[in-house]
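Here are the chains, one letter per residue:
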Amino acid sequence: MTWHATGKCMEPGKMQHPVDGRAWKNFDTKYSNFAKEPRNVRLGLAADGFNLFGNISQAYSMWPMILTTYNLPPWLCVETIDVATGQKFNMRAMVLWTINDFPARSSLSGWSGQGYLACPTCNKDTPSVCVLGKIAYVSHIKFLKKPHKWRRSLEFNGEIEDGDPPRKFNRDQIQAQLARLPMRVKGKHSSYGVVKIKHTTKARQDLKMLGIRSGLWLGQTKNGKCSKPQAAYSFTPENRKKFCQFIKGVKLPDGLRSNFKHKVTDNDTNITGLKSHDCHIMMQRLLPYGLQQYLPDEVAKPIIELCSFFKQICSATLMEDDMLKAQSKVVDILCNLELIYPPAFFDIMIHLVIHLPLEALEGGPIRPRWMFPFERFMKKLKGYVRNKAKPEGSIAEGYVAEEALTFSSHYFQDVTMKFNRPDRNVDPPPLTCQFQVFRSICKSIGLRSIIRFDTQELKKVTWYVLYNSPKIDTYRS
Ligand SMILES: [Zn+2]
């Protein structure tokens, strides 16, 4: 429990744990009495609603509160461990932050996640504009330094942008705002988590209304029907099919994602049913390769940059300098995207990306603070429900039973338990083959099949074996 004081990384600017973030350091400076005792507990409070009954009852949701401790090293941060020290001390605990998804954040904090001022960080200065039927969070050029060539451009919203970036509000101002907030009814907004492609008719009308990108305005065919010009950001039907086939054919290590083969529809035109973790894998690993081939360079480039930004910010170790650079980079990326997509594309989820690097500077790496472990835990809780008339009771009983079983399993020997069960993927022992190229520790899976190489393939295989065999170096020269 004292890892945060004894085992933390000492390299300046490197962030591996919340202890390296500014929020932790500021707290220590402010409450030095608390910080003096390393056994005092730092907690994160996670809350999210989930529906136990799937589609049967949309109205019912359960909101478990999960406490996680940050005193432990990063590889144990989301597990619960009891340590008996045998020493007497007055243990105190503080809640470092709460962990929520965006709709739960607005339910619990009271700051609405909809409307003109949806962004809690930008607060009163949230850059937003009303387009047909919705509010778009555009004008990210406000975050650019003055002067900047993009601020004079009419391509963004038809006007020159002279506004300042959103102000930083101090503690007293935020407290005063909190005192005035009305109570909000908790619940999930139905549109969250649904990925929509924003090239609807309304999105095109917005462009005409703002007087930008005239090439994409709606037109009329000779028959008097409405025509929608093909936008550079949307796939042509053939490329869409090829992209889906690419996703279908991709092979990734076991456990990294669900099977994408089953997510692509039968006619290879759509990808459905992706879980949030799949979306991360898709964005960080697959999109950069897939888009490069099927979209024009000027469209693919900012999307690929956004993908690498996510990959960078989700890594286990962050550097402070990198995050400062990423902050200016992400503004450029969003501005570039504004030049490609219609304003209707920019919902609040796209805007919130702009705050991630500075949040990482405050809180440290993202992994101990993101929703994934808690979503997994809630799935586990869902599995405890046997009696659907009493779901909360089932969960409580199931949890206690699991705890008791885990505890008692420490006393069994020669029995297979979760602690001594073999892993799902066990590497076989290294082969004793003398020839280096065949000394691999791979394990074959699935049925064995015999493949016959054609001449070309045989040539490649022969080349590979000879090239990777240092033993024949003398003969080669
Ligand atoms: Zn904002």
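Along each chain, residue indices are assigned from 1 in the same order as the chain's sequence is written. Per-residue local features of the predicted model are confined to residues with pLDDT of at least 70, and side-chain atom pairs are confined, for both listing and counting, to 80 or more; whole-chain, interface and lining totals are unaffected and use all residues.

Per an unreviewed UniProt entry, the protein chain goes by the name DUF4218 domain-containing protein and belongs to Tanacetum coccineum.

Some words on the overall build of the protein chain
Numbered from the N terminus, helices here are DSSP runs of H or I no shorter than four residues, and strands are runs of E no shorter than two. What the protein chain contains, in helices and strands, is 16 helices and 9 strands. Across its three principal axes, the protein chain shows a C-alpha extent of roughly 80 × 75 × 55 Å. Each residue is classed by its C-beta neighbour count within 10 Å, where at least 20 other C-beta atoms makes it buried, 12 or fewer makes it exposed, and intermediate counts make it partly exposed; the C-beta atoms are placed from backbone geometry. Expressed as a percentage of the 477 residues in the protein chain, the buried residues total 18%. By definition, residue pairs are in contact when their C-beta atoms, positioned from the backbone, come within 7 Å. For the protein chain, contacts bridging at least 24 residues in sequence account for 62% of all contacts bridging at least 6.

Side note on unusual backbone geometry
With an omega of -10 degrees, the peptide bond running from K146 to P147 counts as cis. Relative to the assigned elements, P147 resides in the loop between strand 6 (134-136) and helix 5 (171-180). Here the phi dihedral of N123 falls at roughly 55 degrees; this positive angle occurs in a residue that is not glycine. Its identity as a non-glycine residue notwithstanding, D268 has a phi of 55 degrees, on the positive side. On the secondary structure map, D268 appears in the loop between helix 7 (237-249) and helix 8 (276-294).

So, the environment of K261
You can see K261 is positioned in the loop between helix 7 and helix 8. K261 sits 12 residues away from G249 along the chain, and the two C-alpha atoms are 7.0 Å apart.

Some words on the nonpolar core
Within soluble globular proteins, side chains that are nonpolar generally end up buried alongside one another. Nonpolar cores are identified as sets of buried Ala, Val, Leu, Ile, Met, Phe, Trp, Tyr and Cys residues joined via C-beta atoms within 7 Å. Among the nonpolar cores identified, the biggest contains 23 residues, and I303, V330, V331, I333, L334 and I354 are the most heavily contacted of them. By size, the runner-up hydrophobic cluster in this structure holds 11 residues, among which are V131, I135, Y137 and A344.

Some remarks on the packing of helix 10 (residues 320-340) against helix 12 (residues 356-363)
Only C-alpha atoms enter the line fits that serve as axes; for helices the fit covers just the stretch in contact. Angles between N-to-C directions range over 0 to 180 degrees. For the pair helix 10 and helix 12, the least separation of the axes is 8 Å and the interaxial angle reads 160 degrees. Accordingly, the angle class assigned to the pair helix 10 and helix 12 is roughly antiparallel. In the crossing of helix 10 with helix 12, the sense of the turn from one axis to the other is left-handed. The segment helix 10 lies against helix 12, with E320, M323, A326, Q327 and V330 engaging P357, L358, A360 and L361. Residues were grouped as follows: Ala, Val, Leu, Ile, Met, Phe, Trp, Tyr, Cys and Pro as nonpolar; Asp, Glu, Lys and Arg as charged; and all remaining residues, including Gly, as polar. Taken together, the residues of the contact of helix 10 with helix 12 sort by class into 7 nonpolar, 1 polar and 1 charged. Just so you know how the angles are binned, under 35 degrees is roughly parallel, over 145 roughly antiparallel, 65 to 115 roughly perpendicular, and the rest oblique. Left-handed describes a crossing whose near helix is turned anticlockwise from the far helix through less than a right angle; right-handed describes the clockwise counterpart.

A few points about the environment of F27
By the secondary structure assignment, F27 is in helix 2 (residues 22-30). With 16 C-beta atoms counted inside 10 Å, the residue F27 sits in the partly exposed group.

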